[in-house]
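Each chain is listed here by its residues.
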Amino acid sequence: MEQTGTTERMATMETTMNFNSTYYYDYPSELCAQESALNLTFMVTIFYLVFALGLLGNGTILWMLLKIMRVKTMTDVCLLNLAISDLITVLSLPSWALYFQKNLLNSNAMCKLMVGTYQLGFYSGILFVMLMSVDRYMAIVHAVASLGARTLRYAITASLVIWTISFCAALPGALFHNMIIDMDNNTQCDWDVKDGSVKTWKLFLNFSQNTVGLFISLPVTIYCYVRILLVLRRTKNSKRGRAMKLIFAIVAVFVVFWVPYNVAVFLKTLQDLEIGDTCKSSQQVSTALNVTETIALTHCCVNPVIYAFVGEKFRKCLGREFSKWLLCAKFYKPASTYSKTSENETSNTPV
């Protein structure tokens, strides 16, 4: 989870209805009290809803890829790892919801686990979205030249690199979070910033998050899909219009879900550096983090739709499996087997 946004804001939600606890250290609470833009009940409801939808969507992708379609291409590997990443984030949400509701999860180990798994899901998710963009770029813009690079071996290697980077990025946040007691004697899962080194790590990790989410993934994703659009415009294909609409949807979703959130994180980092840090600005940034992180959280439900369910190959296989299941339920006998999907197909999505 983002190092200064959710972890600080989650920490004080039960007693102050405010996700950002920084003002405890900078301003008297009576002079700079902040109210959450989203109340506790609404946030807990969002967490459980995202958990249910994300578990259903990403679980379906895992089942289809591992049991039915098998992992055969680089695109399949990307889809598989993106689903796993989303599931890691999704599975951490009930713990946060319980923490919000009754503060039942109050051990240091649970605090570290919640923060670590959420941050692991964040970094790996955004990096695998970028890898999906690069994979589509190579498959369409450099179709012939990329045949040797888009192999299963290279896909597995790239996935291992992403998981390693994500683990290293998430580890400090987990290590430096503990159950601490705030000025109102409330126990909260937050950065343990008693010494300067932890605060330095906190700022460094905020900048690293902005680097990954705003300065690397966003430009790479936009560049890849702009180049794909230019290629599609020169082709005569009955599915060109649908593919172009999907590209616009992918870019729009990435921008809407991640750019406002990362901008809010950047502004919060500037406040931690005491740049333009006033009571009013602290309130505004707290509200921005509150809203934008809630929007970004729902990416776990949207990724399965835009990267798998809209793909013709995936939809056909999924439809056959459900038809087979419905026939079995109706007639109590196995349905006829369906013909195998051609292994020459290199993509689960139209683009």
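Residues numbered from 1 in each chain as written. Predicted model: local features only at pLDDT ≥ 70, side-chain atom pairs only at ≥ 80, totals over all residues. Heavy atoms only, no water.

Draft legend 1. Focus on the pattern of salt bridges. Summed over all chains, the structure comprises two salt bridges. Residue Asp135 is joined to Arg136 by a salt bridge in which the shortest nitrogen-to-oxygen separation is 3.2 Å. Its relative accessible area of 4% is what places Arg136 among the buried residues. A salt bridge links Arg150 to Asp135; the shortest N-O distance between them is 2.7 Å. Of the two residues, Arg150 sits in the loop between helix 6 (108-141) and helix 7 (152-175) while Asp135 sits in helix 6, which places them 15 residues apart along the sequence. Among the charged side chains, a network of salt bridges with common partners joins Asp135, Arg136 and Arg150. (Salt bridge = Lys/Arg side-chain N within 4 Å of Asp/Glu carboxyl O. Buried < 20%, exposed > 50% of the residue type's maximum accessible area, 1.4 Å probe, protein only. Helix = DSSP H or I, 4+ residues; strand = E, 2+ residues; numbered from the N terminus.)

Draft legend 2. Structural detail: the nonpolar core. Core analysis: the biggest nonpolar cluster contains 62 residues, and Ile228, Trp258, Tyr307 and Phe314 have the highest contact counts within it. Excluding residues that lie within four positions of it along the chain, Ile228 makes contacts with Arg136, Tyr137, Ile140, Val141 and Ile247. Within the second largest apolar cluster, 20 residues are counted, among which are Ile46, Phe47, Tyr99 and Cys189. (Core = buried A, V, L, I, M, F, W, Y, C linked by side-chain atoms within 4.5 Å. Contact = heavy atoms within 4.5 Å.)

Draft legend 3. Structural view of the packing of aromatic side chains. Going through the model one piece at a time under the given rule, you end up with nine aromatic pairs. Look at Phe122 and Tyr261: their rings are 6.2 Å apart centre to centre, the planes differ by 75°, and that puts the pair in the edge-to-face class. Placement of Phe122 in helix 6 and of Tyr261 in helix 9 (residues 240-272) is noted, with a sequence separation of 139 residues between them. Accessibility expressed as a relative area gives 3% for Tyr261, which makes it buried. Taken together, a centroid distance of 5.8 Å and an interplanar angle of 50° make the contact between Tyr137 and Tyr223 tilted. (Phe/Tyr/Trp six-rings, centres within 6.5 Å; stacked < 30°, edge-to-face > 60°.)

Draft legend 4. Just the pairing of strand 2 (residues 187-191), in detail. With four of five residues buried, strand 2 lies mostly within the body of the structure. One ladder, built from five bridges, connects strand 1 (residues 177-181) with strand 2; its direction is antiparallel. Each bridged residue has a counterpart across the sheet, and for Ile180 the counterpart in strand 2 is Gln188. (Pairing = 2+ DSSP bridges.)

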